[in-house]
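# Understanding the architecture of this molecule
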Amino acid sequence: LEKEQLGGQKFSETNIFEVELTELDRLSCSVDNQDALNVSKILEHLSGRVEWLRERLAKSEKEVRELKLKSASRQAGEFLSDVVEIKGVKVLAKEFTAYSMDMLRSTSDTLQQQLKSCVLVLASNFNSRLIYLITVSVDLNAKGYSAQTLATTFSSVTGGKGGGKPNKAEGGGSDPSKISEGLAKVREQLAI
């Protein structure tokens, strides 16, 4: 269902998952009759279907991840209106819900391509945990802006940990309720 909501194709092979009552009856009769050969054949058949299901599930999960990344990239343009200028620098400090680190990266990449020179502080409540990504364009690194420094500031408020390079830092923590407070602290530091 999630795959369809994200624009993926509907999964049409659902009948392969259904175990017919006749199969269960045959299994039951074979067990009652202590027909090990027939029990083995039936279980082997069902095992093959389970293996196929595992493969299909893994493929569907991969498709859902890819669709989420594409969706995050498409939505990134909508966040341009949230960009503010602080001391002449374009800054986006934004909180997300249920965005994975890959989705934050995809959003950041798209926004960096559009904004060119910017500081992006993206944080998400993902599976009841806090994750964040901070990127600083190279031209701003040359002016003294550092993703590492901003990550330290953000983590000091949120209680998380992070690390990286001057142009990119990632981290996480256990208290997503502190995201907005952490973002405010980063904005405050950028205004100094």
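Please refer to the structure higher up on the page.
Here's a quick rundown of the structure. Here the structure is a predicted model, which is why all the values come from computation and not from measurement.

What counts, and at which threshold
Residues numbered from 1 in each chain as written. Predicted model: local features only at pLDDT ≥ 70, side-chain atom pairs only at ≥ 80, totals over all residues. Heavy atoms only, no water. Salt bridge = Lys/Arg side-chain N within 4 Å of Asp/Glu carboxyl O. Helix = DSSP H or I, 4+ residues; strand = E, 2+ residues; numbered from the N terminus. Pairing = 2+ DSSP bridges. Axes fitted to C-alpha atoms, helices over the stretch in contact; angles between N-to-C directions. Contact = heavy atoms within 4.5 Å.

To continue, consider the pattern of salt bridges. Evaluation of the coordinates by the stated rule reveals 6 salt bridges. A salt bridge links Glu 170 to Arg 105, with the nearest nitrogen and oxygen atoms 2.9 Å apart. Highlighted residues: Glu 170 in strand E6 (residues 168-173) and Arg 105 in helix H4 (residues 101-115), separated in sequence by 65 residues. A salt bridge links Lys 178 to Glu 181, with the shortest nitrogen-to-oxygen separation between them at 3.9 Å.

Moving on, we get to the sheet that holds strand E3 (residues 119-126). Across the sheet, 6 strands lie side by side as E1-E2-E3-E4-E6-E5; this open sheet has mixed pairing. The open sheet terminates on both sides in strands that have one partner only, identified here as strand E1 (84-86) and strand E5 (161-165). Across the sheet, the mean angle separating the axes of adjacent strands is 20° when strand polarity is ignored. Inspection of the sheet shows strand E2 (residues 89-97) paired to E3 by 7 bridges, in the parallel sense. Across the sheet, residue Lys 94 finds its bridge partner in E3, namely Leu 122. The sheet strands contacting H4 are E2, E3, strand E4 (129-136) and E6, and the helix crosses E4 at an angle near 25°.

So, about the pairing of E2. In this sheet, E2 lies alongside E1 in antiparallel orientation, the contact comprising 3 bridges. Bridging from a neighbouring strand, Ile 86 pairs with Val 89 of E2.

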